Amino acid sequence: MRKRILAAAVLVTSSLHAKQLSQPEQAMVSYIQATEQASNDLLKQLVEINSGTRNLEGVRAVGKIITAQLDELGFQTKWIPMDEVKRAGTLVAEHACPEPGKCGKRMLLIGHMDTVFEKDSPFQTYTVNGNIATGPGTNDMKGGLVIMLYALKAMQAAGVLKQTDITIVLSGDEEAHGEPATISRRDMIAAAKHSDVAIEFEGTPRLDGIFYGSVSRRSSISWKIQATGESGHSSAIFSDSKGYGAIYEVARILDAFRTQLPEQYLTYNVGMTLGGTSLSVDSEGISGTVTGKGNIIPPTAYASGDIRTISNEQADRIEAKMKAIVTQHLPKTNATIEFGEGYPAMAPTEDSRALLRMLNGTNKNLGFPEMPELDPMKRGAGDIAFVADTLPGLAGIGATGEGAHEPGETVDLSAQPINTERAALLMYRLSKVDAKAALKSLYPATTVK
């Protein structure tokens, strides 16, 4: 009943605002509403294929389904293996403009086919209860992949897809990207260099009933500390000959991070600590073993965690501060810190905010509420950050749900057509604007509040 009421409300809203839509836009909205069940069926098909990042065959199986869909839309598709980084691969699809320079903004659509739920996860089943579908990857981000595909299908049905310049790059390892990124994100970075805007089909957040737009994503950079000290009988701790031991050295460093690093948009987390007479950490850095006794000064200690920053400049500055803190050793100790490759930051820009204003223009015409800018503290890192220094973008116009990365992850099926409609109209309108004009001049801050 709730779904029928929502559908009726959408139809009423659409009729009220149809006069604000062009004929192709009305055709796109009609197509999306008419194919809602087919869209949900495709979502079910994708979710029922386990595509955990390290399930290479599962990721490739999802890729084959999406490839077939894009082939039907006239895209030139290719699968790029990523054996060098032990990942399944990347799907690249290109729809060239038939009249170069006359298709508006060149769009780069970004997404991923993998989930955090591997083959051994107990969470494998797709179920539907009313408007809520539960299953691995429903929200992050197979629901977004379906939105992208049906937005493109709607454009094709309206006869406007042919006059677009679109490149799609779908990674098979967003949840644990292969290193180095110079290989695993090579094709995404290359595509950005011949694109004007990036649109990432990660989740569209909804907080307290309000949909939000994202123009920034914080970085995610791992770090690890290894400390050493003089060992001996515990009675000699703090002495000139034995010093403080490795665990006190790590404790000093972590507490200095806590007190000296804080600033806006920065978070710093310690995920694991070990210390004692001996220790070992596995190759993935997610588990370890340790031995030790209360009457032995520990000669070795280890800590690991991550930092998240709003910009790459902030990341560089914080890393320098962390390195300086580490070098201030306690007597008879030593320590080193290493930083992982991680995900860069997507800092907010005026052109990205202009894209959000353009999206809000479609919301207004569709009769949907305005989407405020999301606080970047409320979402994690993502692939779009790898191209954020090259071009402006929106960091999530995909599915809306709850519990991403958790067993029981859901997507709101009633929000799927809403998100699809605004995505389709946004892409269509981008294809109609001046290809050379700056977005912030086309959509100034006063255009849509």
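Procedures and definitions
Residues numbered from 1 in each chain as written. Predicted model: local features only at pLDDT ≥ 70, side-chain atom pairs only at ≥ 80, totals over all residues. Heavy atoms only, no water. Helix = DSSP H or I, 4+ residues; strand = E, 2+ residues; numbered from the N terminus. Rg over C-alpha atoms; globule rule 2.2 N^0.38 Å. Buried < 20%, exposed > 50% of the residue type's maximum accessible area, 1.4 Å probe, protein only. Contact = heavy atoms within 4.5 Å. Areas by Shrake-Rupley, 256 points an atom, 1.4 Å probe, with all protein chains shown as cover. Lys, Arg positive; Asp, Glu negative; His and termini not counted. Charge placed at Lys NZ, Arg CZ, Asp CG, Glu CD. Pairing = 2+ DSSP bridges. Core = buried A, V, L, I, M, F, W, Y, C linked by side-chain atoms within 4.5 Å. Axes fitted to C-alpha atoms, helices over the stretch in contact; angles between N-to-C directions. Salt bridge = Lys/Arg side-chain N within 4 Å of Asp/Glu carboxyl O.

With that out of the way, let us pick up the overall build of the chain. A count of helices and strands for the chain gives 12 helices and 20 strands. Taking 449 residues into account, the globule formula puts the C-alpha radius of gyration at 22 Å, and the chain, at 25 Å, falls close to it. Within the chain, the proportion of its 449 residues that are buried is 55%. Taking the contacts inside the chain whose residues are at least 6 apart along the sequence as the reference set, 78% of them involve residues at least 24 apart. Of the accessible surface of the chain, which amounts to about 19,100 Å², a share of 53% is contributed by carbon and sulfur atoms. Separation of charge centres in the chain, based on 45 positive and 51 negative side chains, amounts to 3 Å.

With that settled, the discussion passes to the sheet that holds strand β20 (residues 410-412). With antiparallel pairing, the four strands of this open sheet are ordered in space as β4-β5-β20-β19. Looking along the sheet, the strands with just one partner apiece sit at the ends: β4 (127-129) and β19 (401-402). In terms of strand pairing, strand β5 (residues 132-134) meets β20 through three bridges, oriented antiparallel. Bridged to Ala133 within β20 is Val411.

Take the nonpolar core next. In terms of nonpolar packing, the biggest core is built from 70 residues, with Leu70, Leu109, Leu152, Ile168 and Phe201 touching the most fellow members. Here this core takes 11 residues from helix α5 (residues 138-157), the largest share from any one element. Not counting residues up to four positions away in its chain, the partners in contact with Phe201 are Leu109, Ile110, Met141, Gly144, Ile147, Met148, Ile397, Gly398, Ala423 and Met427. Ile225, Leu261, Ile318 and Met322 belong to the second largest nonpolar core, which has 22 residues in total.

Taken together, the four strands give an open sheet; going across it, the order is β12-β16-β10-β17, and neighbouring strands pair in antiparallel fashion. Two strands close off the open sheet at either side, each with one partner strand: β12 (267-276) and β17 (333-339). Taken over all neighbouring pairs, the strand axes of this sheet differ in orientation by 15° on average, direction set aside. With eight bridges joining them, strand β10 (residues 221-229) and strand β16 (residues 300-308) adopt antiparallel strand pairing. Pairing of Ala227 across the sheet is with Ala301, part of β16. Across the sheet, helix α9 (residues 312-326) lies against β10, β16 and β17, angled at about 165° from β17, the strand it touches most.

Bringing the pattern of salt bridges into the picture now. When their charged atoms lie close together, side chains carrying opposite charge are able to pair. Counting across every chain of the model gives 19 salt bridges. Among the salt bridges present, the one from Glu284 reaches Arg54, with a minimum N-O distance of 3.5 Å. Of this pair, Glu284 sits in the loop between β13 (278-281) and β14 (288-291) while Arg54 sits in the loop between α3 (36-47) and α4 (56-72), and the two are 230 residues apart along the sequence. Here Glu284 falls in the exposed class, since its relative accessible area comes to 51%. By relative accessible area, which is 45% here, Arg54 ends up partly exposed. For Asp383, the salt bridge is made with Arg185, and the minimal N-O distance between the two is 2.9 Å.

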